[in-house]
Amino acid sequence: MCGIIGYCGPKPVKEVLIEGLKRLEYRGYDSAGIAIVNDKGLELIKRRGKILDLKKSIPEKVKGFYGIGHTRWATHGGVTDINAHPHVDCTGKIAIAHNGIIENYSSLKEVLLKEGHTFKSDTDSEVIAHLVEKYYDGSLEHAVKEAVSLLKGTYGIVCISVDEPNTIIGARNGSPLVLGIGDNEMFIASDVTAIVAHTKQVVYLEDGEVVKLTRDGFTTTDLRENPIEKEVEHISWELEEIEKAGYSHFMEKEIFEQPEAVKRAMSGRILHPEASAHLGGLNLTNRDLINIERVKIIGAGTSYYAGMVGAYLLESIARVPAQAEIASELRYRNPVVERNTLYFAVSQSGETADTLYAMRELQRKGATVLGICNVVGSTIARESDGGVYIHSGPEIAVASTKAFSSQITVFYLFSLLLARMRNMSFDEGARYIENLQSIPVKIEKVLSRKNEIERIARKYSHYKDFLFLGRGFNFPVALEGALKLKEISYIHAEGYTAAEIKHGPIALINEETPSVFLIPNDSLKEKILSNVKEVKARGGKVIAIATEGDGEIEDIADDVFYIPETAEAFYPYLMVVPLQLFAYFSAIELGRNVDQPRNLAKSVTVE
Ligand code: M6R
């Protein structure tokens, strides 16, 4: 997804912008550009392709101390040099970079064309540069406000002009912007990752706010010129946390960070004396909690699958009816908000448009929506009625891994909390906590045998289609395993509940379609083994993920990976890790770009 960086200060701006853009690479992009103002006027360099290509194409003589940069992920208009940001007005003096989508750009463009403006790109964003030009009367800030008040859609915008040196104007509506406060220097970016190497002092802009930034500081106002006091926040993420720390890929690093991530998600939230959990940010009293009659969970992609695990847990552990739903579906089906129903919006980034808009729709109908997010200060985290941070640390790889394990941890804790207010005894609660706390060590055991999964992945990576089959708590994990494989290796994979294959998918089974079966030693094992036999009888290859000690599975499956034993409800943690590794090693074997798979972005801020 697109990324923005802007800088104003004593350092050579070219280097700061390129470094910031490199740090935004993880979001996924197809082109990049920078605009710098110096004594020669406005210098604009933009290219399709990688940041490295952009860097090489910047002439040595381009110098300056303030400017803006952008990574683009195409939505309106093809992937071309011209469509890359920044975009400039007709005079070539004003440059803007934009994240988001301007829904009414064609009508605005029509008017601007009639007024004599000439457009160079096919993007929706270019209208902003021309609108700023149109309204410029000596104040860039005023012109930006006039321009954005005409926009329908979402934007995070930065704007500079030759006529107003050492000034950057930023405006936000639905697409994040954060300021970084340095020593005699200021930064603005769509994501703290771009600026964390320079400063930890940040200010998050809200929708409807406009910021004027110079190297000495900033002022924030709304579109009606009312001044807005902003709070400076201190971010705790270290730069090293964002880098690869010796791993070949961010995805590998993040898979291996899961024991720590799960511990962090639990940290300070287990109440041993009460055999319960404490989740500080819920903003709910015990009376509110006991009155919950139903839980609904929304999310997209991996976060939706984590929500599905959550729904299974809430029903079976806390005996509260619960259901997970894809956020983008809920939004447009005019959902009924029932009394005493608690909603959760699950999102690693906290910026996923589908989830955010569904959350807003629910809130508009009077629902209480709690966020389960990783990125502190993200839009969902701020706009939800309360919530829980998963504290995974930055997740850079497009494929989500550690966020899944941390998100489900929040559901394990919340289920415990509700269960202990309802049906669960103290002793049961204590056993549940023991099981939960033993998970990080068990994940480490799985990770220590990554070579076995690597061998299996190499053996099967040439197959074109896979089925991932699980039941109960592990059905969402099967879906997640299939998603992981397709998104990073581009191998077609389908996730199903194992019992369902006889209703259709079994027709796909032959020697060319391997099945990955999740077979924990639990109450459904015998049923799943029958499904395995059905597949074997039709010549299908079977890779099984099974519990240590279940030797009989070796006799049926072609390859088995063993995971440690745990209580039935806790298997998703141990089942998902081998599937993540399987996808990772398959992608490596096929020479894929693991961290930035084609056509995908880390944070999907468009519908
Ligand atoms: O940031 P979010 O958790 O809201 O993102 C949701 C999905 O876009 C995300 O999980 C996506 O499916 C990942 N690429 C899966 O690995």
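Bear in mind the structure is a predicted one, so any value in this text is a computation, not a measurement.

Conventions used here
- Residues numbered from 1 in each chain as written.
- Predicted model: local features only at pLDDT ≥ 70, side-chain atom pairs only at ≥ 80, totals over all residues.
- Heavy atoms only, no water.
- Near = heavy atom within 4 Å.
- Polar contact = N/O pair within 3.5 Å; in protein donor to acceptor, adjacent residues only side chain to side chain.
- Areas by Shrake-Rupley, 256 points an atom, 1.4 Å probe, with all protein chains shown as cover.
- Helix = DSSP H or I, 4+ residues; strand = E, 2+ residues; numbered from the N terminus.
- Phe/Tyr/Trp six-rings, centres within 6.5 Å; stacked < 30°, edge-to-face > 60°.
- Buried < 20%, exposed > 50% of the residue type's maximum accessible area, 1.4 Å probe, protein only.
- Lys NZ or Arg CZ within 6 Å of the ring centre and 35° of its normal.
- Salt bridge = Lys/Arg side-chain N within 4 Å of Asp/Glu carboxyl O.
- Domains from an automatic or database assignment.
- Contact = heavy atoms within 4.5 Å.
- Buried area = accessible area lost by both parts, 1.4 Å probe.
- Nonpolar A, V, L, I, M, F, W, Y, C, P; charged D, E, K, R; others polar.
- Pairing = 2+ DSSP bridges.
- Expected span 1.5 Å × (residues − 1).
- Arc of directions from axis to C-beta.

A. Broad picture of the site of the ligand. Taken together, 14 residues sit near the ligand, with Ser303, Ser347, Ser349, Thr352 and Glu487 positioned nearest. Measuring from an oxygen atom of the ligand, one finds a side-chain N or O atom of Ser349 at 2.7 Å. Within the backbone of Val398, a nitrogen or oxygen atom sits 3.1 Å from a nitrogen atom of the ligand. For the ligand, the protein covers 92% of the area, taking 410 Å² as the surface of the free molecule. Breaking the shell around the ligand down by element, the ones donating at least two residues are helix 10 (301-316) and helix 18 (475-489).

B. Spotlight on the packing of aromatic side chains. Tallied over the entire structure, the rule returns 15 aromatic pairs. Note on Tyr412 and Phe570: the rings are 5.0 Å apart at their centroids and 20° apart in plane angle, and the pair reads as stacked. One end of the pair, Tyr412, is in helix 14 (residues 402-421); the other, Phe570, is in the loop between strand 26 (559-563) and helix 21 (571-589), and 158 residues separate them in sequence. Like Phe570, Tyr412 is buried. Each residue in the set Tyr460, Tyr463, Phe466, Phe468 and Phe582 is aromatic and connected to the rest through ring pairs, giving one cluster. The side chain of Arg449 reaches across the aromatic face of Phe561, ending 4.5 Å from its centre. The ring of Tyr490 carries the charged tip of Arg598 above its face, separated from the ring centre by 3.8 Å.

C. Region of interest: the pattern of salt bridges. On inspection of all chains with the given rule, the structure shows 31 salt bridges. Across the salt bridge formed by Arg172 and Asp207, the nearest N and O atoms sit 2.6 Å from each other. Here Arg172 is found in strand 8 (residues 168-173), whereas its partner Asp207 is found in the loop between strand 11 (201-204) and strand 12 (209-214), with 35 residues between them in sequence. For Arg172, a relative accessible area of 1% corresponds to the buried category. Residue Asp207 is classed as partly exposed on the basis of its relative accessible area of 26%. Measuring nitrogen to oxygen at the nearest pair gives 3.0 Å for the salt bridge that ties Lys525 to Asp550. On the criterion of sequence distance, the pair formed by Lys525 in helix 19 (residues 525-537) and Asp550 in the loop between strand 25 (542-547) and helix 20 (552-556) is long-range, its members being 25 residues apart. Members of the salt-bridge network, linked through shared partners, are Arg172, Asp207, Arg360 and Glu383.

D. View of the domain arrangement of the protein. Domain boundaries assigned for the protein yield domain 1 (2-235), domain 2 (245-446) and domain 3 (449-591). Taken over C-alpha atoms, the centre of domain 1 sits 34 Å from the centre of domain 2. On the side of domain 2, 11 residues touch domain 1, which itself brings eight residues to the contact. Carbon and sulfur atoms make up 47% of the area that domain 1 and domain 2 hide from each other, which totals about 780 Å². Together, Tyr26, Arg172 and Tyr204 form the three largest contributors to the area buried by domain 1 at its contact with domain 2, with a combined 49%. Our enumeration of links across domain 1 and domain 2 arrives at two salt bridges. As a salt-bridge pair, Arg382 and Glu206 come within 2.5 Å of each other at their nearest N and O atoms. In this assembly, domain 1 and domain 2 are joined by three residue pairs in polar contact (both at pLDDT 80 or more). Counted by class, the side of domain 1 that touches domain 2 contains four nonpolar, one polar and three charged residues.

E. Focus on the side chain of Glu252. Here Glu252 lies in helix 7 (residues 250-256). Take Glu252: its relative accessible area is 7%, and that puts it in the buried class. Of the polar contacts made by the side chain of Glu252, one reaches the side chain of Lys450; its length is 3.5 Å.

F. Structural context of the pairing of strand 8. Within strand 8, five of the six residues are buried, which leaves the element mostly enclosed by the surrounding structure. Examined bridge by bridge, strand 7 (residues 155-161) and strand 8 share five bridges and lie antiparallel to one another. Paired with Gly156 across the two strands is Arg172, which belongs to strand 8. Taking the residues that link successive antiparallel strands as the turn, the strand 7-strand 8 hairpin has six residues, and the phi of Asn166 there is positive, at about 60°. Where strand 8 and strand 12 come together, four bridges link them in antiparallel fashion. Residue Ile169 lies in a different strand from strand 12, and its bridge partner there is Lys212.

G. Fine view of helix 15 (residues 426-437). Here helix 15 contains 12 residues, and its C-alpha end-to-end distance of 16 Å stays within 8% of the 16 Å for a straight helix at 1.5 Å per residue. Residues of helix 15 that are buried: Gly429, Tyr432, Ile433 and Leu436. Buried residues of helix 15, seen end-on, are gathered within an arc of 100° and therefore sit on one face of the element. Those residues of helix 15 that are exposed and aimed more than 90 degrees away from the buried face are Asp427, Arg431 and Glu434. Close packing links the buried residues of helix 15 with helix 8 (258-266), strand 15 (270-271), strand 16 (276-277), helix 14, helix 16 (439-448) and helix 21.

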